[in-house]
Structure formats: structure tokens, C-alpha cells
Amino acid sequence: MELLEADILLQLLVGGLLAGALYALLACGLNLIFGVMRVINLAHAELMLVGAFSAYVLFNIFGLHPLLSLLIIVPAIFVVGYYFQRVLIERVVERPMLTSLLATYAVSIILINIGLLIFSADFKSVPVLQGSFLVGDLVVSKPRFTAGLISLVLTVAVYQFLERTRLGKAVRAVSEHAQVAQICGIDVRKIRMLTFGMAAAMAGAAGVMLSIIYSFWPGSGIDFIQKCFAIIIIGGMGNFVGAFYGGLLLGVVEAFVGGFFSTQWAEAVAYLLLVTVLLIRPTGLKGVARA
């Protein structure tokens, strides 16, 4: 009996970590934007769906596997995000946060309605991976394992870029204090464009991963953006590593609550976890109080 319970716990833990890796990839991009620009991008989940629908189109029209379409979709969405920041987001940086919320909310609504016009409200999916891996008594879904592993690799790669490269250090400098970074010779505007493009690319990659494990429609973003907000507050506003930990934590807690109670409770757990963390540590797991 104890062995059976251990197998169940391990099954839930692995499933939760794989789901959490996808959450983390999406949330880290959103938190990166906030950290550098103090802008909350309400259209972030819609950029994820741009990636998901792009994978759907490339698969159904050209027969391109989503893992290969990543090589097209991620750079393309990076370019879109790069110039989107230049045209719109740069105009609302350093303005009241409500301005950026309204601007990105408008973009979100536009993208949803464009999606509805092109793809209708029907659910889509890209069923390219089937079956499961069997490791002892542990059963791991191939789509979830693939999506979780790639999400983890991409998130770690972005973190290493921020930590080890000259451009990454410039991004961190702008995040710490934009005016001081500018005095030191950093082109703050270019760094903001780079950051938004990178975050958009992360969202697009998350969308491709989403397409192989979930069904989706143009309005699917609402569930994910709500979870992203919970994750970045749990992890700490503007903290990349905090968002990573928050995503993994949410995935694991959702898996255990869904496994032992119900999926309805699992959907609510993000907000229960959010309240719990804020009561214990108001700045989040890795957040630092700002003056």
C-alpha cells in the first residue's frame, strides 16, 4: 500500500513539474518585461496563442512538425515583439501603469478577434505525439514530457543569456536602474526592444508547446494570463528566477490538488497559493521590496 502511494506521489510530482515548466516559460517572459519596463503586458497570452496557431497552420498546410516549426515561429515572433515594442510599448513606458494596461488590453482584444475571424471559436490541436513513456511503474505522457523538457531548456537558456552575455548584463542593468544604465552608455531603448522581443519569443515557444498537449481556441489566453499573474506575484514581481520557481510550484500544487481532490479545486489553487505566499512573504518568493 505504501509503495502504491509512493508511485502515485511520484506520478503527480513528475506531471506537475512538466506542467510547471510550461507555466514558467510563459511567466518568465512576462516578468522579464515587467522587470525591465515596469509594463504589464496583458497581450502576453495572446502572443502565446499566435505561436500555437502558427504551429497549427504550419502542421496542417505544410506538414511541418511543431518541434521543427519552433525554428521558424520563435524568430518570427521575436521580430514581431521587437518592433511592437518600438511602435507601441515604448510610448507607454514610464507612464502610469494604467496606460500600459489599457494599451496592451486593447491589443489583446484585437488579437482575439482576429483569431476568431480566421479560425472561428472551434478548438484546435496538433496531435503529433501519441502514447507514453514507461519507466518502471511511472507513466509519462510523450507530449507533456517533450513540451516540459523543451520549455525547461528554453527557460534555462534565456537565464544563461541574461547571466553570462554582455547583452544579458545590459538587460539586467536596465532592469535595476534605467537612468544609470543610460549614463553608462547602454542604449536603453534598444535593450527594451530586445527584451520585449525575447519575451514575445518565449511566449511563442510556449504556444508551440501548448499546441501539442492541449486543445486551444482564440480565447484560451485568459486562463494562462491569470495563472501568469499569480506566478509572477508568487515568485516576485520583476524577478526571472522567482517566476521560474513560481511556475514549477504552481504546476506541482495543481497536480497534487487535482490528483487528490478535483480539477475544479486545481483551477482555484493558483489564487489560494497566491494569497498564502502574500500572507507569509508579501514581496513573493524572490522579490525585494522597492523604495
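Structure's up top.
Colleague: Got a minute to help me understand the overall build of the protein chain in this structure?
Modeller: The helix and strand inventory of the protein chain stands at eleven helices and two strands. Secondary structure elements of the protein chain, listed N to C terminal, follow the sequence α-α-α-α-β-β-α-α-α-α-α-α-α. Each of the three principal axes of the protein chain carries a C-alpha extent, and together these read 65 × 50 × 35 Å. Taken over 291 residues, the protein chain has a buried fraction of 47%. Across the protein chain, the fraction of contacts at a sequence separation of at least 24, relative to all contacts at a separation of at least 6, is 77%. Distance between charge centres in the protein chain, computed from 18 positive and 14 negative side chains, equals 15 Å.

Colleague: Explanation requested: helix α11 (residues 263-280) in the structure shown.
Modeller: Side chains three or four residues apart in an α-helix point the same way, a direct result of the helix having 3.6 residues per turn. The end-to-end C-alpha distance of α11 is 26 Å, a good match for the 26 Å that 18 residues give at a rise of 1.5 Å each. Of all the bends in α11, the largest measures some 40° and sits at Val 269. Among all positions of α11, only Ala 266, Val 269, Ala 270, Leu 273, Leu 274 and Val 277 are buried. Summarising the contacts, the buried residues of α11 are in contact with α9 (221-235) and α10 (240-260).

Colleague: Whenever I open this one, the packing of aromatic side chains confuses me. Can you help?
Modeller: Pairs of aromatic rings are described using the distance from one ring centre to the other and the angle between the two planes. Under the defined criterion, the tally for this structure stands at eleven aromatic pairs. Judged by centre distance (6.3 Å) and plane angle (65°), the ring pair of Tyr 214 and Phe 224 falls under edge-to-face. Here Phe 224 lies in helix α9 and Tyr 214 lies in the loop between α8 (188-213) and α9, a separation of ten residues in the sequence. Take Tyr 214: its relative accessible area is 23%, and that puts it in the partly exposed class. An aromatic cluster is built from Phe 53, Tyr 56, Phe 119 and Phe 216, whose rings are joined through pairwise contacts. A cation sits over an aromatic face here: Arg 38 above Phe 34, 5.6 Å from the ring centre. Above the plane of the ring of Phe 133 lies Lys 142, whose end atom (NZ or CZ) is 5.6 Å from the centre.

Colleague: Is there a simple way to explain the side chain of Ser 108 in this structure?
Modeller: On the secondary structure map, Ser 108 appears in helix α4 (residues 97-119). Take Ser 108: its relative accessible area is 6%, and that puts it in the buried class. Aside from chain neighbours lying at most four places away, what touches Ser 108 is Leu 42, Ala 43 and Glu 46.

Colleague: What is the right way to read the packing of helix α2 (residues 44-62) against α4 from this model?
Modeller: Packed helix pairs are specified by the crossing angle of their axes together with the interaxial distance, meaning the distance between the axes. Put simply, α2 and α4 touch, their axes get as near as 10 Å, and they point 20° apart. By the angle between their axes, α2 is roughly parallel relative to α4. Once α2 is placed against α4, the crossing between them reads as left-handed. Contact residues: α2 offers Glu 46, Phe 53, Tyr 56 and Val 57, while α4 offers Ser 108, Leu 111, Ile 112 and Phe 119. For the contact of α2 with α4, the class distribution of residues is six nonpolar, one polar and one charged.

Cut-off values and rules
Residues numbered from 1 in each chain as written. Predicted model: local features only at pLDDT ≥ 70, side-chain atom pairs only at ≥ 80, totals over all residues. Heavy atoms only, no water. Helix = DSSP H or I, 4+ residues; strand = E, 2+ residues; numbered from the N terminus. Buried < 20%, exposed > 50% of the residue type's maximum accessible area, 1.4 Å probe, protein only. Contact = heavy atoms within 4.5 Å. Lys, Arg positive; Asp, Glu negative; His and termini not counted. Charge placed at Lys NZ, Arg CZ, Asp CG, Glu CD. Expected span 1.5 Å × (residues − 1). Bend = angle between axes of the 7 residues up to and from the residue. Phe/Tyr/Trp six-rings, centres within 6.5 Å; stacked < 30°, edge-to-face > 60°. Lys NZ or Arg CZ within 6 Å of the ring centre and 35° of its normal. Axes fitted to C-alpha atoms, helices over the stretch in contact; angles between N-to-C directions. Parallel < 35°, antiparallel > 145°, perpendicular 65-115°, else oblique. Left-handed = near helix turned anticlockwise from the far one by under 90°. Nonpolar A, V, L, I, M, F, W, Y, C, P; charged D, E, K, R; others polar.

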